[in-house]
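Coordinates in review
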Amino acid sequence: MHLDDYYKLLKDKKPQSQLSKKNRLYDYLDHESIQSSFCQEDETGNLTAHLYFSNLECYACTWVCEKAIKKRFPDVKIQVNLAENKGKIIIQKGQHKISEMAQLLDSLGYPVSANKNFKDTRQGQILNMGLAFFCLMNVMLLSSAEYLSSDLIGSKFYHLFRYISLGLATLAIAIPAQGFYKNSWRAIRTGGIHLDIPIALAIIFSYAFSAYNTILKEGPVFFDSMLAVIFLLLVGRYIQSLALAHHQRKFATESQDSHLVRILDDNDKETFKEYRLVNPGDRLRILPGDIVPVRSRLESSDATINWELITGEEKVTSLKKGESIPAGSYNCNVAITVESLELGSQSELYIIEESSSQLLEQKGQVLVSSDRIAKFLVSFVLIVSAIIFFAHAPNWEIAISRSVATLLIACPCAFGLGAPLIISRALQLGLNEGLLFRTQKAIETLPLVKEFFFDKTGTLTVPGNKAILDDIDTELGNKTDLAKILAGIAQHSNHHVIKALSNWSGDHDCEAFSLSQFREDFGQGVSFQVGEELIKIGRADFAVANYSGVSGNTIISKNHKYWASFQLKESLQKGCTSLIEDLQARKAGVQILSGDKGDRVDMLVSRLNLDPKTSISGMKPHDKLNTLQQQKTVCAMIGNGINDSMAMAASQLSIAVHEASHQAKASSDILLLNEDLSSIGKAMTITTACRKAFKRSFRFAFAFNLIGISLGASGYLSPVVAAIFMPISSITVLYLASHWEAK
């Protein structure tokens, strides 16, 4: 149990005993080729490592991290930023290893990961906002004299104030507003339509019109309204960038880099290499829990391999030296050495990842609804403004006045300001519920999903997580005695069998016996002492001296004599039943696409009260992909394994469950940050409320623009009045975008 569990227990209404955690390995952080992506070295030889921190909840967490490092490594400097969940460690190169400090932080419950985006700062955005705000406040101060005193009009101060305002406006449109011009020019060069085009035109035309009237010393100017729009748009985009950056950091800590493999040289010294660069004959070291990246031959004496991530069915196999291991399977127990039999770029794992990437690119080309509406509005405003301008030519004063009024009044603030704020709020609400929305498209698409396709093993069910007592010899001890022994084993192992037995003991509400000399034997089981008694848990030939006739998945013995046997069965993932009921209440279809055996899928279908016709077993990755591609309705794929990643990438929406494979996370639009599947229902509630907020803002924008464009085109609305109403519409949209709840 680590320090981060304290906050989880506080939030959990029904806290359970916590299993001991297995720390990650961070030795890859010491490799020079990898350090170049997240470290900086100065002229004095100091190395600054930029890291993301997980599980930071309050300033006490940052204090613990900093004090722990300084106590263990007195000459090391550490700075932790709680607001952004990142920090930096400064060491003398060659004196300490970054992995040692990362391991220490992890042992406290604060895992870290490399921050490869440390150079990507938002200082430019902050400076632009500050400069725009400075110009706006001064121009508004100068304009207030004109608005409040008619005696000032025509005086020397009147024209002086206008020239000062012109200078400040020139500074603002030259620096803070340049992003609008760049985006517009980029869109024009590629033949596209961008939201910033009418914004840029409105800024340029209003500036030119105001500058022209300032120089001629006659006519209206609206520098203040123009600068107000620039500032508000910059604020909206900055808020959105903060939310997106927070999500990128969260995803970086949830999805560790799994593309690196350990390569052994002739002296068994480890180096690191991207798995796509692996060559036939390379010797790889595969740690417990690591994925075998290429088809390999086992060099170690034996190994226990799980095929679940590539087949969708929990299939644990014991292999001997010389036997072949498929790509995508993962190592269960101890570290093993394998020899690559193929190029990394030709492995099934790499082919699946590449196919998923291509499918994701195709999915990314589909515009979200707000983009489609924005493009329509942009095109409409530009066409109307052009028609108005040429319709009144060569009367240039009227042509410019009315076209500028149209551009100003129709400035699409619902998209330039409202959409980022609505999305930012949805992102934050998602995080509060343990959800990571990775794209805006996910937020807009989820409420439209009609069919939900689920993987089975690892998604809807937890393999081997429920222990059922088959038989017990009461002469060696009753159920209570057995429960007291099993209650203490969770502190010594993370194996799923141990977890299942520990959960069984928890139902008997008894105190744990003290255990000693705990030992885990590879591929066999565990043994330990309880007083003078030797307890063994595992296979029959491991636990019992005379195992002939002993049956059962998991055998428990006392002093080599048979005591009890357990059957391990799948249990439903937390929140599974409530999620299915929620989806059915929303009239959404639910289907299961599983690589598991038919009888197991049928049992789950019956347990969840689903239609047997909508569930398919024995499916391979391409079968799932083909099924999703044949759907004519909006559908979502929820999975966890490598075998799910292509189908997830092809579906309109994809959700990766907690502790999914790297490939599944990379293919996801939404990532669950906890084990509770009911969070998906909460995601639907949030996105539905978000969609309603979009509609409110868009309805206001359309109504406002329709009336404003009509008045501007007909000449009933002057550029001055249009410039006054433009920031008013922005403030209204700001209110609508920030005042909504997920109910």
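What this report covers is the structure whose coordinates are included nearby. Residue indices follow the written sequence of each chain, beginning from 1 at its first position. The predicted nature of this model means local features are confined to residues of pLDDT at least 70 and side-chain atom pairs, given and counted, to a pLDDT of 80 or more, with totals for whole chains, interfaces and linings taken over all residues. Hydrogen atoms and water are omitted, and side-chain values are computed over all heavy atoms in the structure.

1. Comments concerning the pairing of strand β23 (residues 589-593)
Exposure classes here rest on a 1.4 Å probe applied to the protein chains alone. A residue is buried below 20% of its type maximum, exposed above 50%, and partly exposed in between. Here a helix means four or more residues in a row that DSSP labels H or I, a strand means two or more in a row labelled E, and each is numbered from the N terminus. In terms of burial, β23 is a largely internal element, five of the five residues being buried. Judged by which residues are buried, β23 turns out to be covered on both faces: Gly-589, Gln-591 and Leu-593 on one side and Val-590 and Ile-592 on the other are all buried. Sheet analysis places strand β16 (residues 451-454) next to β23, joined by four bridges and oriented parallel. Within β23, the residue paired with Phe-453 across the bridge is Gln-591. At least two bridges found by DSSP between two strands are what make those strands a pair.

2. Details of the nonpolar core
Remark: nonpolar core denotes a set of buried residues (Ala, Val, Leu, Ile, Met, Phe, Trp, Tyr, Cys) joined through side-chain atoms within 4.5 Å. Of all hydrophobic cores here, the largest spans 62 residues; its most connected members are Phe-452 and Phe-454. For this core, the element with the highest residue contribution is helix α24 (residues 679-714), accounting for nine residues. With sequence-adjacent residues up to four places away left out, Phe-452 is seen in contact with Leu-446, Leu-583, Ala-588, Gly-589, Val-590, Gln-591, Ala-636, Ile-638 and Met-684. Counting residues in hydrophobic clusters, the runner-up holds 33 residues, among them Ala-132, Cys-135, Phe-180 and Ala-200. What makes two residues a contact is simply this: any of their non-hydrogen atoms within 4.5 Å.

3. Some points on the packing of helix α7 (residues 178-189) against helix α8 (residues 196-216)
Axis lines are fitted to C-alpha atoms, over the contacting stretch for helices. Their N-to-C directions set the angle, which ranges from 0 to 180 degrees. Running from amino to carboxyl end, α7 crosses α8 at an angle of 125°, the nearest separation of the two axes being 8 Å. By the angle between their axes, α7 is oblique relative to α8. Judged by the twist between their axes, the crossing of α7 over α8 is left-handed. Across the interface between the two elements, Gly-179, Phe-180, Tyr-181, Asn-183, Ser-184, Ala-187 and Ile-188 from α7 touch Asp-196, Ile-197, Ile-199, Ala-200, Ile-203 and Ile-204 from α8. Residue polarity is assigned by list, with Asp, Glu, Lys and Arg as charged and Ala, Val, Leu, Ile, Met, Phe, Trp, Tyr, Cys and Pro as nonpolar; anything else, Gly included, falls into the polar class. Along the lines of polarity and charge, the residues of the contact of α7 with α8 split into nine nonpolar, three polar and one charged. Roughly parallel covers angles under 35 degrees, roughly antiparallel covers those over 145, roughly perpendicular covers 65 to 115, and oblique covers all other angles. By convention, the crossing between two helices is left-handed when the near helix turns anticlockwise from the far helix through less than a right angle, and right-handed when the turn is clockwise.

4. Thoughts on the sheet that holds strand β18 (residues 516-521)
Reading across the sheet, the six strands line up as β17-β22-β21-β20-β19-β18 and stay open at both edges, with antiparallel pairing between neighbours. Every other strand in the sheet has two partners, leaving β17 (461-472) and β18 as the edge strands with one partner each. Put simply, the sheet's adjacent strands are angled 20° from each other on average, direction ignored. Two elements, strand β21 (residues 554-558) and strand β22 (residues 561-572), share five bridges in a ladder whose sense is antiparallel. Directly across from Lys-558, in β22, lies its bridge partner Lys-561. Most of the contacts of helix α16 (residues 479-486) go to β22, to which it runs at about 70°, and overall it touches β17, β19 (525-530), β20 (533-538), β21 and β22.

5. Things to note about the pattern of salt bridges
Throughout this description, the term salt bridge denotes a Lys or Arg side-chain nitrogen within 4 Å of a carboxyl oxygen of Asp or Glu. If you walk through the whole model with that rule in mind, you get 15 salt bridges. Between Glu-270 and Arg-262 there is a salt bridge whose closest N-O contact spans 3.2 Å. Classification of Glu-270 by relative accessible area gives partly exposed; the value is 23%. Its relative accessible area of 9% is what places Arg-262 among the buried residues. Here Asp-455 ties to Lys-624 by a salt bridge, and the two come within 3.2 Å at their closest N and O atoms. Of this pair, Asp-455 sits in the loop between β16 and β17 while Lys-624 sits in helix α21 (residues 621-629); the two residues are 169 residues apart in sequence, bridging distant segments of the chain. The exposure class assigned to Asp-455 is buried, which follows from its relative accessible area of 1%. The exposure class assigned to Lys-624 is buried, which follows from its relative accessible area of 0%. Taken together, the shared-partner salt bridges connect Asp-27, Arg-262, Glu-270 and Arg-285 into one network.

6. Observations regarding the packing of aromatic side chains
Between two aromatic rings, the relevant description is the distance of the centres plus the angle of the planes. Side-chain rings of Phe, Tyr and Trp, where Trp is taken by its six-membered ring, are said to pair if the distance between their centres is within 6.5 Å; with planes under 30 degrees apart they count as stacked, over 60 as edge-to-face, and otherwise as tilted. One pass over the full model with this rule turns up five aromatic pairs. Taking 5.4 Å as the distance between ring centres and 90° as the angle between the ring planes, the aromatic pair formed by Phe-389 and Phe-390 counts as edge-to-face. The class for Phe-389 is partly exposed, based on a relative accessible area of 22%. Seen from the ring of Phe-542, Lys-536 lies directly overhead, with NZ or CZ sitting 4.8 Å from the centre. Whether a charge lies above a ring is judged from NZ of Lys or CZ of Arg, which has to be within 6 Å of the ring centre and within 35 degrees of the ring normal. Lying over the aromatic face of Trp-563, Lys-558 brings its terminal NZ or CZ to 4.3 Å of the ring centre.

7. What to know about the sheet that holds strand β14 (residues 336-340)
The six strands lie next to each other as β7-β6-β8-β14-β9-β12, forming an open sheet whose pairing is antiparallel. Single-partner strands in this sheet number two, and they are β7 (270-274) and β12 (324-325). With four bridges joining them, strand β8 (residues 283-286) and β14 adopt antiparallel strand pairing. Across the sheet, the residue bridging to Ile-286 is Ile-336, located in β14.

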